[in-house]
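As a plain string of letters, each chain reads:
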Amino acid sequence: MIRKLRRTSPFQVGLVTVFTALAAFMILPIVFILNHAFKPQNELFLFPPRFFVRHPTFRNFESLFLHASNATVPFTRYLFNSVVVAALTLTLVIVVSTMAAYVLAKYQFHFKQLIMSMITLSLMFAPETVSIPRYLIINGIGLNNTYFGHVLPALASPVAVFMLVGFVSQIPNDLVEAAKIDGASHFGIFLRIVLPLSVPAIATISIFTFQGVWGDVETSTLFMQTETMRTLAFYVNSLLSGLQNNVAGQNLAAAAGLLMFIPNLIIFLLFQRKVLETMIHSGIK
Amino acid sequence: MKTELSPSIRTSRAQTIGLRWSRFWAEIRRDAFCYLFIAPFLLCFTVFIVVPVVMAATLGFTSYDGFGKLHFIGFSNYIELFTQDIIFLTKALPNTFLFALIVGPGGYMLAFLFAWLIHQLPIRIRDYYTLAFYAPSMAGAVALSVVWIAAFSGDRVGYVNHFLLQMGWIDSPIIWLQDPKYLMKIMILVSLWISFSVGFLAMLAGLQTVNRELYEAGRIDGISNRLQEVFYITIPSMKPQMLFSAVMTIVSTLKAGSISTQLTGAAITPQYAGHLIINHIDDYAFIRFELGYASSISVMLLLVSYFAMRFAYRLFGSKEEL
């Protein structure tokens, strides 16, 4: 308390001022994409260029949804793929990682130490760098051009399991024992006790899993050869490739980019409190 | 067991092994549900992490084009990589070094600095600032590339060019994204912009865990300024979060190679100005289909990431993990 009183000082006032400017600067790209997405075609060619939109319009979103349906693969297909992939991945990552973390945290069994040390070791390097063997494996077991090709690689998430192990081991053993005495099955314990109690950790994992999957272009580029199986992130990425030094179409790309950003924002705002909680209690220890 | 208790009866070795075996099986069967629970994760983990790493290590010693037969060629790939691959040695390696050094540790320190400063703000307004810093990384590299491409457009209509012309700092528009002189700098700038990611959130959370009484104790023990406070109290008290953040930073820095492709629209950047090791791998793997050679490069990258992580664990990990 004493510290607090002492600190309402010029330091804090200065800090807030400088920080507001900095934060405004950092958020510029977001403001830009928001404005650009609503710009009509003619405002893109204005000279001098304008940062803010003058006559906002929904034309860009309309043409994304309607006109793009004339193309070989309609925009809605990419969107649909992204939603399906993100939803599947999110659910499965949560279930699979929590299940693994539950037994790793609460039971003793053979090979447990081996598995734990393998997980810890895999945290030590970035498996993302070995995209070539992944590509060969996906092709080998025939997962290319299926939704599994998007989802399954994301399920191998050692970071998620590691965070969850830390979190689940804090659930009191007495609780698990009591449930067992009351006749709950292993699956019942998992469903009724472990899953609800690890909600904060699950929220954190949801955020970074969702961000990873939603913005991932790698699975679409490498594992999917048919255009109809690729995701929104890939579509936005391919819109970009024609845009260098080309003004027309920027608003369309911005609109698509905005669509990529909004789900992330919603998920973050939903789970933010929970995230800070988990980061305090678990994390890599 | 009776056999073990009475020394007069000599049990044969085979019998003991058999006994152990059956006990082992009984235990496995008793814990069957454990294995059942862990199976889905373990399966994906093996197929998409363990096997690929082993495969990459093996492929690195071969010459393989994805269709024909594997030829084992020993260390040739590695020797070639370090003696003959001029683009790797003169472009990819120095570029990656520069990029990783600034975006990795630089971004990490910036994230900590801003997390710390946000923590000094009154609690009511903290969330807004957190959101402002976190939003760009939330939008993701792909979505934000739209912004960078428009901002760094090479004509007078480009926002950066227009601003600089207006201020009179340049005489003619600069083709930012195609000019080898600027490409790398822009790549670093935009990567730093989105470096306030999950690790940044972890740091913010970590700062809340620091026991306030420690600061008082530190002051009594002779800590005189905020810098000392940060180094001797704050960072040691939030090691787990610092480590988590470091791990996230290393992974995202290594993956960041696609930024050059997104900015220039070409798989190979002009004069290899923004060529990172990860682009080099993609070039050899998915354009030239020399999978063996590309694998040997990714093994090198894997090793680099391993040592970077080890370094992070050394710094922030607890003692017993090493």
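Every value quoted in this text rests on a predicted model; they were computed, and no experiment measured them. (Residues numbered from 1 in each chain as written. Chains lettered and ligands numbered in written order. Predicted model: local features only at pLDDT ≥ 70, side-chain atom pairs only at ≥ 80, totals over all residues.)

Q: How should the overall build of chain A be read in this particular structure?
A: If you tally the helices and strands in chain A, you get 16 helices and zero strands. Classification of the 285 residues of chain A by burial places 44% in the buried group. Within chain A, contacts between residues separated by at least 24 positions form 75% of all contacts whose residues are at least 6 apart in sequence. (Helix = DSSP H or I, 4+ residues; strand = E, 2+ residues; numbered from the N terminus. Buried ≥ 20, exposed ≤ 12 C-beta atoms within 10 Å, placed from the backbone. Contact = placed C-beta atoms within 7 Å.)

Q: I tried to follow the UniProt feature "transmembrane region" (unreviewed entry) in chain A on my own but got confused; where do I start?
A: Taken from the UniProt record, the annotation "transmembrane region" (unreviewed entry) applies to residues 12-38, 78-102, 114-135, 147-168, 189-214 and 252-271 of chain A. Annotated as 96% helix and 0% strand, the span residues 189-214 of chain A places its first and last C-alpha atoms 32 Å apart. (UniProt positions renumbered as here; feature names shortened; annotations may be inferred.)

Q: I tried to follow the UniProt feature "domain: ABC transmembrane type-1" (unreviewed entry) in chain B on my own but got confused; where do I start?
A: Residues annotated in UniProt with the feature "domain: ABC transmembrane type-1" (unreviewed entry) correspond here to residues 93-312 of chain B. A helix fraction of 77% and a strand fraction of 0% characterise residues 93-312 of chain B, whose end C-alpha atoms lie 22 Å from each other.

Q: Even after reading the chapter, I still don't get the interface of chain B and chain A, so can you show me in this structure?
A: It is common to give the size of an interface as the accessible area lost on bringing the parts into contact. Taken together, the contact pairs 82 residues of chain B with 75 residues of chain A. Of all the elements, helix α3 (residues 32-59) of chain B adds the most residues to the side of chain B that touches chain A, at 18 residues. Classifying every residue of the side of chain B that touches chain A by side-chain character gives 59 nonpolar, 18 polar and five charged. (Nonpolar A, V, L, I, M, F, W, Y, C, P; charged D, E, K, R; others polar.)

Q: Looking at this structure, how should I read helix α5 (residues 86-120) of chain B?
A: Taking 1.5 Å per residue, 35 residues should reach 51 Å; α5(B) reaches 49 Å between its end C-alpha atoms and fits that length. In the structure, α5(B) departs most strongly from a straight axis at A92(B), where the bend amounts to approximately 30 degrees and where the proline P94(B) lies between one and four residues downstream. (Expected span 1.5 Å × (residues − 1). Bend = angle between axes of the 7 residues up to and from the residue.)

Q: Explanation requested: the domain arrangement of chain A in the structure shown.
A: All names here are of chain A. Along its sequence, chain A is organised into domain 1 (2-63) and domain 2 (73-281). One C-alpha centre belongs to domain 1, the other to domain 2, and the line joining them spans 31 Å. Contact with domain 1, which involves eleven residues of that partner, is made by ten residues of domain 2. Looking at the side of domain 1 that touches domain 2, the elements with two or more residues in it are α3 (28-37), α4 (41-44) and α5 (59-65). In terms of residues, the side of domain 1 that touches domain 2 owes the most to one element, α3, which gives four residues. Its residues assigned to classes, the side of domain 1 that touches domain 2 shows six nonpolar, four polar and one charged. (Domains from an automatic or database assignment.)

Q: Any chance you could explain the confidence of the model for chain A here in plain terms?
A: Taken as a whole, chain A shows an average pLDDT of 83; of its residues, 89% reach a score of 70 or greater. Least confident of the elements in chain A is helix α1 (residues 2-7) of chain A, whose mean pLDDT is 49; most confident is helix α6 (residues 75-106) of chain A, at 92. (pLDDT = per-residue confidence, 0-100.)

Q: Please explain the packing of α6(A) against helix α10 (residues 158-168) of chain A as it appears in this structure.
A: Geometry of a packed helix pair, given as the angle between the helix axes and the separation of the axes. All names here are of chain A. At a minimum axis distance of 8 Å, the contact between α6 and α10 shows a crossing angle of 50 degrees. Taken together, the axis directions place α6 and α10 in an arrangement best described as oblique. Note that α6 runs across α10; the crossing there is right-handed. Each of V93, S97, T98, A100, A101, Y102, L104, A105 and K106 in α6 lies in contact with α10, whose residues at this interface are A160, V161, L164, V165 and V168. Per-class residue counts for the contact of α6 with α10 are eleven nonpolar, two polar and one charged. (Axes fitted to C-alpha atoms, helices over the stretch in contact; angles between N-to-C directions. Parallel < 35°, antiparallel > 145°, perpendicular 65-115°, else oblique. Left-handed = near helix turned anticlockwise from the far one by under 90°.)

Q: Is there a simple way to explain helix α12 (residues 186-197) of chain A in this structure?
A: An α-helix turns once every 3.6 residues. As a result, residues three or four positions apart point the same way. Residue and element names in this part refer to chain A. Helix length check: α12 (twelve residues) gives 16 Å between terminal C-alpha atoms against 16 Å at 1.5 Å per residue, within 8%. Of all the positions in α12, only I189, F190 and V194 are classed as buried. Axial view of α12: buried residues confined to an arc of 95 degrees, hence all on one face. Exposed side chains of α12 directed beyond 90 degrees from the buried face belong to L191 and P196. Each element contacted by the buried residues of α12 is listed here: α6, α10 and α11 (173-181). (Arc of directions from axis to C-beta.)

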